[in-house]
Amino acid sequence: MSELCCICPRECNADRKNGRYGYCGMSENPVIARVSKHMWEEPCISGEKGSGTIFFSGCVMRCVFCQNYKISAEKFGREISVSQLAECYKKLEKSGVHNINLVNPTHFVPAIIKSLDIYRPSLPVIYNCGGYEKKETLRKLEGYIDVYLPDFKYATAELAEKYSRAKDYPTVAVSAIGEMLRQQPENIFDESGIIQKGVIIRHLILPSNTRNSIAVIDMLKENFGTDITVSLMAQYIPCGKAYSFPEINRKITKREYSKVLSYLESSGLGGYTQELSSATEKYIPDFDLQGV
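A quick note: this is a predicted structure, and the numbers were derived from the prediction, not measured. (Residues numbered from 1 in each chain as written. Predicted model: local features only at pLDDT ≥ 70, side-chain atom pairs only at ≥ 80, totals over all residues. Heavy atoms only, no water.)

A word on the pairing of strand β8 (residues 195-204)
Spelled out, the test is: Classification of residues uses two cut-offs on accessible area relative to the type maximum, computed with a 1.4 Å probe and protein chains only: under 20% is buried, over 50% is exposed, and between them is partly exposed. Strands here are runs of E lasting at least two residues and helices are runs of H or I lasting at least four, both read from the DSSP assignment and numbered beginning at the N terminus. Any two strands are treated as partners once DSSP identifies two or more bridges connecting them.
The buried count for β8 comes to seven of ten residues, which makes it a mostly enclosed element. With two bridges joining them, strand β6 (residues 147-150) and β8 adopt parallel strand pairing. Bridge pairing in β8 places Y148 opposite V199. Remark: five residues form the turn of the hairpin made by strand β7 (residues 188-189) and β8, two consecutive strands paired antiparallel; G193 in that turn has positive phi of roughly 85°. With five bridges connecting them, β8 and strand β9 (residues 229-233) associate as parallel partners. Residue pairing in the sheet places R202 in a bridge with S231 of β9.

As structure tokens, then:
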């Protein structure tokens, strides 16, 4: 009998091994759309040599505005085996990158654990996710993941339901990030400033939603204090189905960005910020099965 899938907070009870897929739309084997060096992460991740990214297809969130909509919602990618995934780590490691960056990995956690049992890179392994994670699943990753890179997208159930059909997102994300910080309580960098262990919490500013961003900053401070590292992202451009939501069918304005940035600075939280010039399609990878 196949094990039913309850990896993510949706707990679909899907029989993914036998083709009865859940919300993510994926089978048990990894499906990936790109394996390559990536230069557009935070400076402590990309550095000068780049981050070794593996973009997984399917998604447990499928946000309507996703910049990776082609692979997250439309599920473009190629299915590979666990051993082939381990070979991807080797290939990226040999290319000289700073780390192995698992992008959107949530629904493939069992396969990722098996692949890391086959081959554990000498580089830091990054878990780059949307923040919609079960604490029980994260605990299985303890000892495998060096750096957690979660989003904290929404402060309210209403927005989370509207854009990601995940009204429990705020409470789930707080719990998940708490577990990540338990596993990696301190950010540790090498002599070149590249992160080796730790947690960086990302927040993408959405147009017409500065109140959400301010509330996210308040929630982070209230739950985790001011010693955490936040990455405030200004790179939003309308993608996916954002055209169906007029309030987010544009880039953020300078005024919106300045408002959130000023609030972050006054909150006592520190970390990384993006320039408004980051809001361009040129930073979105081409999902063309490169390296797969």
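Having seen the model, we can carry on.
Digging into the state of the cysteines
Here a disulfide denotes one covalent bond, and it connects the sulfur atoms of two cysteines. Quick reminder of the rule: Here, the term disulfide refers to a pair of cysteine sulfur atoms separated by no more than 2.5 Å.
Tallying each qualifying case throughout the model produces zero disulfides. With no disulfide of its own, C6 has C5 as its nearest cysteine by sulfur position, at a separation of 6.6 Å. Assessed through its relative accessible area of 28%, C6 is described here as partly exposed. Note on C59: no disulfide assigned, nearest cysteine sulfur contributed by C63 at a separation of 6.3 Å.

Looking at the packing of helix α8 (residues 210-224) against helix α9 (residues 254-267)
This is how the line gets drawn: Axes here mean lines fitted to C-alpha atoms, for a helix over just the part in contact, with angles spanning 0 to 180 degrees between N-to-C directions. Here is the rule for angles: anything less than 35 degrees is roughly parallel, anything more than 145 is roughly antiparallel, 65 through 115 is roughly perpendicular, and the remaining ranges are oblique. Handedness of a helix crossing follows the sense of rotation of the near helix relative to the far helix, less than a right angle counterclockwise being left-handed and clockwise being right-handed. Here, two residues are considered to be in contact whenever any of their heavy atoms come within 4.5 Å of each other.
At their nearest, the axes of α8 and α9 sit 9 Å apart, and the two run at 15° to each other. Between α8 and α9, the angle is such that the two are roughly parallel. Here α8 runs over α9; the crossing is right-handed. Between α8 and α9, the residues in contact are T210, S213, I214, I217, D218 and K221 and E256, K259, V260, Y263, L264 and S267, respectively.

Points about the layout of surface pockets
Here is the rule: In this analysis, the protein atoms alone were mapped onto a 1 Å grid. Cavities are point sets where a 1.4 Å probe fits without being able to get out; pockets are open sets with protein on both sides within 12 Å along at least five of seven lines; lining residues have an atom within 4 Å of a point. Grid points are joined across faces, edges and corners, and a volume is the space filled by probe spheres set on the points. Gly is placed with the polar residues, together with every amino acid not listed as nonpolar (Ala, Val, Leu, Ile, Met, Phe, Trp, Tyr, Cys and Pro) or charged (Asp, Glu, Lys and Arg).
In this model, the largest pocket occupies a volume close to 1,100 Å³. Considering the residues around the largest pocket, the lining is formed by 47 residues, among which E41, Q67, R202, M233 and Q235 are closest to the centre. Across the lining of the largest pocket, the residue classes break down as 22 nonpolar, 17 polar and eight charged. Of the pockets and cavities examined, the second largest pocket occupies roughly 500 Å³. Around the second largest pocket sit 22 residues that line it, and E3, C5, I7, E28 and P110 are the ones nearest its centre. If you list the elements that add at least two residues to the lining of the second largest pocket, you get α4 (109-118) and α5 (135-140). For the lining of the second largest pocket, the leading source of residues is α4, giving five residues.

Focus: the pairing of strand β1 (residues 31-38)
Along any regular strand, the residues point their side chains to alternate faces of the sheet. Burial analysis of β1 places seven of its eight residues in the buried class, the great majority of the element. Strand direction decides the pairing type here: β1 and strand β2 (residues 51-56), joined by six bridges, are antiparallel. Across the sheet, the residue bridging to V35 is I54, located in β2.

Let's talk about α8
Residues that lie three or four places apart on an α-helix share one face, since the helix turns once every 3.6 residues. The cut-off we apply is this: By this rule the span expected of a helix is its residue count minus one, scaled by 1.5 Å.
For α8, spanning 15 residues, the distance from its first C-alpha to its last is 21 Å, which sits close to the expected 21 Å at 1.5 Å a residue. Listed in full, the buried residues belonging to α8 are T210, N212, S213, I214, V216, I217, M219, L220 and F224. Contact partners of the buried residues in α8: α6 (157-164), α7 (169-183), β8, β9 and α9. Positive phi shows up at G225, right after α8, with a value of about 80°.

Overview of the side chain of E41
Defined as follows: In protein, a polar contact means a hydrogen-donor-capable atom and an acceptor-capable atom, both N or O and within 3.5 Å, with residues adjacent in sequence counting only if both atoms are side-chain atoms; elsewhere, any N or O pair within 3.5 Å suffices.
By the element assignment, E41 lies in the loop between β1 and α1 (43-46). For E41, a relative accessible area of 15% gives the class buried. A distance of 3.4 Å separates polar atoms of two side chains, one belonging to E41 and the other to N128. At 2.6 Å, the side chain of E41 forms a polar contact with the side chain of R202. Residue contacts for E41: discarding those within four places in its chain leaves S46, S51, T53, N101, N128 and R202.

What about the pattern of salt bridges?
The following threshold applies: For salt bridges, the criterion is a side-chain nitrogen of Lys or Arg within 4 Å of an Asp or Glu carboxyl oxygen.
Applying the stated criterion across every chain, the model contains 13 salt bridges. Among the ionic pairs, D146 bridges to R120, the shortest N-O distance being 3.0 Å. Pair noted here: D146 is in the loop between α5 and β6 and R120 is in the loop between α4 and β5 (125-129), with a separation of 26 residues, a long-range link. Look at D146 and you get buried, because its relative accessible area is 9%. Each of R139, E142, E179 and R182 takes part in salt bridges that share partners, so that together they form one network.

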